[in-house]
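What follows is the residue order along each chain.
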Amino acid sequence: MSKEKNANSKRKNRPGDRKDAWLLRNQDGLHVIMPFMYPHKCDNEAFIREQIDLTAINKYLVKKNKTNPHPEFPYKVFHVFLAAMAKTIRLRPKMNQFVRGQRMWERKELSEAFMVKKQFTDSAKEGIAYLTFPEAGEECNPIEFVHEKLFKIIYPLKHGGGDSASDAIDILTKMPHWVVRFVMKVIGWLDFHGRVPAGLMKGDPSYATVFLTNLGSIKLNAGYHHLSERGSNSIFVTVGEYHDAPFYDKKGNVHMKQVLDLGITLDERIADGYYYSRTIKLLKHLLAHPELLEEDIMNEVDYE
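Residues numbered from 1 in each chain as written. Predicted model: local features only at pLDDT ≥ 70, side-chain atom pairs only at ≥ 80, totals over all residues. Heavy atoms only, no water.

(A) Focus on the overall build of the protein. Within the protein, the regular secondary structure consists of nine helices and ten strands. Against the globule reference of 19 Å for 304 residues, the protein gives a C-alpha radius of gyration of 20 Å, in line with a compact fold. Taking the principal axes of its C-alpha atoms as reference, the protein extends roughly 60 × 50 × 35 Å. Expressed as a percentage of its 304 residues, the buried residues of the protein come to 47%. Taking as baseline every contact in the protein between residues at least 6 positions apart, the subset at least 24 positions apart corresponds to 69%. (Helix = DSSP H or I, 4+ residues; strand = E, 2+ residues; numbered from the N terminus. Rg over C-alpha atoms; globule rule 2.2 N^0.38 Å. Buried < 20%, exposed > 50% of the residue type's maximum accessible area, 1.4 Å probe, protein only. Contact = heavy atoms within 4.5 Å.)

If you want it as structure tokens, here you go:
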């Protein structure tokens, strides 16, 4: 593990840092001026669509579920994707940055969040699953971490449990309309200036590194999803339904394989196109070799 990547665990706060992020100092002029030229996150969205061959993942899951300590909660493709996304961001740290208050920041945590439908009915409520990974420098087996954490989060949600963010929203929305409007204005001001209390940010997907939606679970294809102006989230990912697609070998023969589509929306101010290209290349390599997700999250990967 490089000294540079281990440094985050020993990094100290300085004047101007946020509760949840360090201010990025000594940047080049372009990245300093960009948030002033283009102050709104939703005006800086870059959308990437990718198709993922599930052949290697399906074989891996068959093997993995044979030794699953929680057979009632099997390893799934979505778990593999969450683990691959987390490892990708650990190894590509600019993906854990964001723009807020017309300045650029680096998060202190790596987190992923997504909505969980408690039951597949029109009237069923949704809950929020929020994963916070160990700090950089701490050991973490990403696939085991994801599976164990989701077993503890999703299983209770599916059986009537709640989550802190949803519970807080329920309390707020029971107040008079003018109170809700006032509270939201105050929170908006605090958000812009990086002063939102840690208790309000905890469990809120708008402050996660990656906000995901598993559209495949409700039989929808992946597509574009906007970013939210509120919060610090800079990456929104849609995961589509499994389907068959044709693949052509070097001789022109067609083979049908099971695939899923990804839609990835990014705030283009946090990195350049080349950085994004190599990031997607790493993500696809991990999904094609899921056994790498059993290694420590900080282990380097040769994907060139």
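(B) Main features of the packing of aromatic side chains. Under the criterion given, the structure shown has five aromatic pairs. For the pair F47 and Y224, a centre-to-centre distance of 5.9 Å together with 80° between the ring planes defines the contact as edge-to-face. One end of the pair, F47, is in strand β2 (residues 45-53); the other, Y224, is in the loop between β7 (210-214) and β8 (235-239), with 177 residues separating them in the sequence. We classify F47 as partly exposed; its relative accessible area is 36%. Between F133 and F145, the aromatic rings sit 4.8 Å apart at their centres with planes inclined by 35°, giving tilted as the arrangement. In this pair, F133 sits in the loop between β6 (126-132) and α5 (142-158) while F145 sits in helix α5, placing the two residues twelve residues apart along the sequence. Of the two residues, F133 and F145, both sit in the buried class. In this arrangement the basic side chain of K94 is found over the ring face of Y275, its NZ or CZ atom lying 5.3 Å from the centre. The ring of F247 carries the charged tip of K257 above its face, separated from the ring centre by 5.1 Å. (Phe/Tyr/Trp six-rings, centres within 6.5 Å; stacked < 30°, edge-to-face > 60°. Lys NZ or Arg CZ within 6 Å of the ring centre and 35° of its normal.)

(C) Geometry of the confidence of the model for the protein. Averaged over every residue, the pLDDT of the protein is 89; the share at 70 or more is 90%. Across residues 1-7 the pLDDT falls below 50, and counting only partners more than four positions away or on other chains, this stretch makes ten contacts in the model. (pLDDT = per-residue confidence, 0-100.)

(D) Looking closely at the sheet that holds strand β3 (residues 97-100). The three strands are arranged β1-β4-β3 in an open sheet whose pairing can be described as antiparallel. Both outer strands of the open sheet, β1 (21-23) and β3, are each paired with one neighbouring strand and no more. Ignoring strand direction, the axes of neighbouring strands in this sheet form an average angle of 40°. With four bridges joining them, β3 and strand β4 (residues 103-107) adopt antiparallel strand pairing. When the sheet's bridge partners are listed, R100 is paired in β4 with R103. (Pairing = 2+ DSSP bridges. Axes fitted to C-alpha atoms, helices over the stretch in contact; angles between N-to-C directions.)

(E) Summary view of unusual backbone geometry. Unlike most non-glycine residues, N26 shows phi in positive territory, near 60°. Inspection of the secondary structure assignment puts N26 in the loop between β1 and α2 (29-37). By relative accessible area, which is 81% here, N26 ends up exposed. Non-glycine residue Q102 carries a positive phi angle of around 60°. Relative to the elements of secondary structure, Q102 occurs in the loop between β3 and β4. Accessibility expressed as a relative area gives 28% for Q102, which makes it partly exposed.

(F) Focus on the nonpolar core. With 60 residues, the main nonpolar core has F81, F114, F133, I235, V237 and I264 as its most contacted residues. With eleven residues, the top contributor of residues to this core is helix α4 (residues 77-91). With near-sequence residues (within four places) excluded, F114 lies in contact with F78, L82, G127, I128, A129, L150, I154, F211 and L212. (Core = buried A, V, L, I, M, F, W, Y, C linked by side-chain atoms within 4.5 Å.)

(G) Highlighting the environment of M115. When you line up the elements, M115 lands in strand β5 (residues 111-117). What M115 contacts, discounting residues up to four positions off in sequence, is E126, G127, I128, F211 and L212.

(H) Layout of the environment of R90. Counting through the fold element by element, R90 comes out in helix α4. Note: C-alpha distance between R90 and L293 (203 residues apart in sequence) is 12 Å. Dropping the residues within four chain positions of it, R90 is found in contact with L110, F133, P134, E135, A136, I297 and M298.

(I) Inspection of the pairing of β2 at higher detail. Of the two faces of β2, the one holding A46, I48, E50 and I52 is buried and the one holding E45, F47, R49, Q51 and D53 is not buried anywhere. For β2 and strand β10 (residues 254-267), the ladder comprises nine bridges, and the chain directions are antiparallel. Bridging across to β10, I48 finds its partner in I264.

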